[in-house]
Structure formats: C-alpha cells, structure tokens
Amino acid sequence: MKKIFVAGHNGMVGSAIMRQLQNSENVEAVTRNRSELDLLDQQAVREFFAVEQIDQVYLAAAKVGGIVANNTYPAEFIYENLTIQNNIIHSAHLAGVQDLLFLGSSCIYPKLAKQPMTEQALLTGTLEATNEPYAIAKIAGIKMCESYNRQYGRNYRSVMPTNLYGENDNFHPENSHVIPALLRRFHDARLNGDAEVIAWGSGKPMREFLHVDDMAAASIYVMNLSQEVYDANTELMLSHINVGTGVDCTIRELVETVAKVVGFEGEIQFDATKPDGAPRKLMDVSRLKALGWQAKIELEQGLALTYDWFLANQDNFRK
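Residues numbered from 1 in each chain as written. Predicted model: local features only at pLDDT ≥ 70, side-chain atom pairs only at ≥ 80, totals over all residues. Heavy atoms only, no water.

**Q** Tell me about the nonpolar core, residues and numbers included.
**A** Residues Phe-5, Phe-49, Ile-88 and Leu-100 are the most contacted members of the largest nonpolar core, which totals 41 residues. By residue number, the principal contributor to this core is helix H5 (residues 132-152), which donates seven residues. Among the nonpolar cores identified, the runner-up in size contains 29 residues, and Met-18, Leu-101, Tyr-230 and Trp-293 belong to it. (Core = buried A, V, L, I, M, F, W, Y, C linked by side-chain atoms within 4.5 Å. Buried < 20%, exposed > 50% of the residue type's maximum accessible area, 1.4 Å probe, protein only. Helix = DSSP H or I, 4+ residues; strand = E, 2+ residues; numbered from the N terminus.)

Laid out in structure tokens, this is it:
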C-alpha cells in the first residue's frame, strides 16, 4: 500500500487529484485540514512527515487568486507560498520521501515570452508585474526541487499548469480567477434580468484554459513516469513540464462562450480601464506530449461541467 500525501486536498487541484487517486488500487491518500496541520508551521510539518511515513507527495497547497488578489495581497502571496513549499519539500526530504510533485503556474514565464511558451523560457525576461511575488515563489519551488534532486538524488518533479478552472474553484465575486468570476457574473445577471454585463479589460488578451480534471490526470501521469523516461525528456536544472491544451482563445471569445453556457442573452461590454495582464499566455506542451499525455476536455464542455457544479453548490458561494 502506497501512502500518498495530498497537500491542499480541499483546493481545486488537490481535490481533483484526490478524486482520481480514490479510484486507484493500493493507494492510501493522506490528508490534513488546516486546523489539523498548519503548513506555515515548520515544526508541525516536520513532525507530520516524521510520523506518517509518506511515500509520495502532491504539493498542491498554495495561496492563489486573480489579478485583483495578487495586486492587493503581494506580501501574503510571496510569504505564504514560499513558506508552504519550503516546509513541505525540506521536511519530505528529511523524512526520506523519494517522490514529490510540485505544482506551479504558467505565470513563472516572462511577460513577453515568445509564444507558445516553452520550458526553456524560464528566467529569460521580466515577469508580469501584477503577479510577480507569486511567480517568484513558484520559480523558487521548481529550483528547490531540482536542487534536492541534484544534491540528494531525490525524484522531485514539477508541473506548470496553464489557467485552470473546474469543480471546487473559488467563485468569490472579487478575488476569483477569470472563469469562475465570469460564470458567477453572467449567472447573477441572468437571474436579475440585467440588460448587460461588463467584463474587465479590453477582451484582446489571449489565454489558454485547462479543466482541473485534466490537470489532475496529467499530474498523476507525470508523477508515475519511470525515471528513465522522465530523465530522457527533461534536464537536471530545467526539469519542469508545462501542462495545458496547447490551444488558446481571446478573452472576448471566452466571455461569449461563458454567456452561451449560462444562457445570458443581454449585451456584453468591455471595461478597458481594468488591467489586462499579459497580452498572451499559451503553453508549449510538446514536452508533455512527447511523454505520452494530452488534454481531453474541450473548453465549452469544461465550462458546462463547471457551471453545473456551481449550480449544485451555489449556496456555498453567497456573499
């Protein structure tokens, strides 16, 4: 029986990983709520690993949010993310855990990185200012994993997802990412009979979106690749793997698709005074495809699944 610790199991990605691990044989998934284990507490995390004898770790715990949240709470974003990953990676190492998967973000790449973004674009330019503290924490996590591999022979791998959405996303009206924010805005507008919805930004930036169930499947796939296959397709100090669909759309196209899924038939306006973020963020997923995996869930299908889940759980998202 393999004991697998999913850090951040209540979050969107962590819960998706949990759903898929529960269908696996000979797996004991180990979880802790925040009240049971404070991942910001170094001693508590160290004691947890010393006692539990974990075999694998999925490091999905993180402080996350959209542009507004990143702009408003930069100190929390860099401190909490650095501290959580430092505590887990180092404590896992001290306890002899050989296998760990660190989940990062596509925001690690430079704002003006050549599109689509390859893994080799890391550290080649200036980051997008709105989420720089979060991005730096994630870059540090990649390099920490690589450093423990190089010095101690660990098998600590990193996956960098594109923009994620799906079940258990954050639908807070101000602090959520673009898809849950739009789903909620159009849902409320339809219920209220509003004549129009105002979307933030110009609508021109291009983004790629990956359903969280695809992300979970990719994470488990990468975690369980043989060392020989993994090493043959990565580099010791450039070992992270992009996870995405390899397909993007404009924010305007996204907004129109969300409106269709929700059933909103009013006008859509764009507020160009709101920040756009990076002009384009498309992942080059050729490394992942070479390893034998690609996404399965199309955007409109994924949006419909996410909206259905929101409808079933909307009482939890009241202000």
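There is more to say, and it comes next.
**Q** Let's hear about the side chain of Thr-130: which residues, and what values?
**A** Take Thr-130: it is sitting in the loop between strand E4 (99-103) and H5. Given a relative accessible area of 14%, Thr-130 falls into the buried group. Separated by 2.8 Å, the side chains of Thr-130 and Glu-128 make a polar contact. For Thr-130, the residues in contact, after removing those within four places along its chain, are Ile-67, Asn-70 and Asn-71. (Polar contact = N/O pair within 3.5 Å; in protein donor to acceptor, adjacent residues only side chain to side chain. Contact = heavy atoms within 4.5 Å.)

**Q** Provide a residue-level description of helix H2 (residues 42-52), including the pertinent values.
**A** Taken together, the buried positions of H2 are occupied by Val-45, Phe-48, Phe-49 and Glu-52. Burial along H2 is one-sided: seen end-on, the buried residues are contained in an arc of 90 degrees. Facing away from the buried side of H2 by more than 90 degrees, the exposed set consists of Ala-50 and Val-51. Tucked inside the fold, the buried residues of H2 contact strand E1 (2-7), strand E2 (27-30), strand E3 (56-59) and helix H4 (74-94). Where H2 starts, the residue carrying a side-chain oxygen 3.1 Å from the main-chain nitrogen of Gln-43 turns out to be Asp-41. (Arc of directions from axis to C-beta.)

**Q** I'd like a description of the environment of Ala-216, backed by residues and values.
**A** Looking at the element boundaries, Ala-216 is found in helix H7 (residues 212-223). In this structure Ala-216 comes out as buried when scored by relative accessible area, which is 0%. The spacing of Ala-216 and Ser-15 is 201 residues in sequence and 8.8 Å in space, taken between C-alpha atoms. Those residues in contact with Ala-216, other than ones at most four positions away along the chain, are Ala-16, Ile-17 and Gln-20.

**Q** Any chance you could break down the sheet that holds E1 for me, citing the residues and the numbers?
**A** In spatial order, the strands read E2-E1-E3-E4-E5-E10; together these six strands make up an open sheet with parallel pairing. On the outer flanks of this sheet lie E2 and strand E10 (241-243), each paired with one strand and no other. Taken pair by pair, the neighbouring strands of this sheet meet at an average axis angle of 20 degrees, ignoring direction. In terms of strand pairing, E3 meets E4 through four bridges, oriented parallel. Its bridge partner lying in E4, Leu-59 is registered against Phe-102. Sitting on the sheet, helix H1 (residues 12-21) touches E1, E2, E3 and E4, and the angle it makes with E1 is about 160 degrees. (Pairing = 2+ DSSP bridges. Axes fitted to C-alpha atoms, helices over the stretch in contact; angles between N-to-C directions.)

**Q** Run through the pairing of E2, naming residues and quoting values.
**A** By the bridge criterion, four bridges tie E1 to E2 in an arrangement that is parallel. Across the sheet, residue Lys-2 finds its bridge partner in E2, namely Val-27. As for the winding sense of the linkage, the β-α-β connection from E1 through H1 to E2 is right-handed. (Right-handed = clockwise from strand over helix to strand, strands pointing away.)

**Q** Go over the pattern of salt bridges, please, and point to the residues and values.
**A** Here the structure, examined in full by the defined rule, presents nine salt bridges. Two residues, Lys-111 and Glu-128, come together in a salt bridge whose shortest N-O distance is 3.7 Å. With a gap of 17 residues between them, Lys-111 in the loop between E4 and H5 and Glu-128 in the loop between E4 and H5 connect regions that are remote in the sequence. (Salt bridge = Lys/Arg side-chain N within 4 Å of Asp/Glu carboxyl O.)

**Q** Lay out the sheet that holds strand E11 (residues 249-250) with the relevant residues and their values.
**A** Taken in spatial order, the three strands make up an open sheet running E11-E8-E13, and their pairing is mixed. Whereas interior strands pair on both sides, the edge strands pair on one side only; in this sheet they are E11 and strand E13 (280-281). Relative to E11, strand E8 (residues 206-207) is paired through two bridges, and the arrangement is antiparallel. In the sheet register, Met-206 faces E11, and the bridge partner there is Thr-250.

**Q** Before we move on, could you go through the environment of Val-222 and cite the residues and values that matter?
**A** Take Val-222: it is sitting in helix H7. For Val-222, the residues in contact, after removing those within four places along its chain, are Leu-101, Arg-157, Val-159, Tyr-230, Ile-241 and Leu-288.

**Q** Any details on the packing of H1 against H7? Residues and values, ideally.
**A** With their axes 8 Å apart at the nearest point, H1 and H7 run at an angle of 65 degrees to one another. The two elements H1 and H7 meet at a crossing, and its hand is right-handed. On H7, the residues that touch Met-12, Val-13, Ala-16, Ile-17, Arg-19, Gln-20 and Leu-21 of H1 are Val-212, Asp-213, Met-215, Ala-216, Ala-217, Ser-219 and Ile-220. (Left-handed = near helix turned anticlockwise from the far one by under 90°.)

**Q** Can you lay out unusual backbone geometry for me, pointing to particular residues and giving the numbers?
**A** In this chain, Gln-115 is followed by Pro-116 through a cis amide linkage whose omega measures -10 degrees. One non-glycine residue, Gln-53, lies in the positive phi region at around 55 degrees. When you line up the elements, Gln-53 lands in the loop between H2 and E3.

**Q** Lay out the packing of aromatic side chains with the relevant residues and their values.
**A** Inspection of every chain in the model, using the stated rule, returns nine aromatic pairs. Ring geometry for Phe-5 and Phe-48: centres 4.6 Å apart, planes at 50 degrees, overall tilted. Placement of Phe-5 in strand E1 and of Phe-48 in helix H2 is noted, with a sequence separation of 43 residues between them. Each ring, one from Phe-77 and one from Tyr-134, has its centre 6.1 Å from the other, and the planes form 85 degrees; the classification is edge-to-face. Of the two residues, Phe-77 is situated in helix H4 and Tyr-134 in helix H5; the sequence distance between them amounts to 57 residues. Residue Phe-77 is classed as buried on the basis of its relative accessible area, which comes to 1%. With relative accessibility at 10%, the residue Tyr-134 sits in the buried group. (Phe/Tyr/Trp six-rings, centres within 6.5 Å; stacked < 30°, edge-to-face > 60°.)

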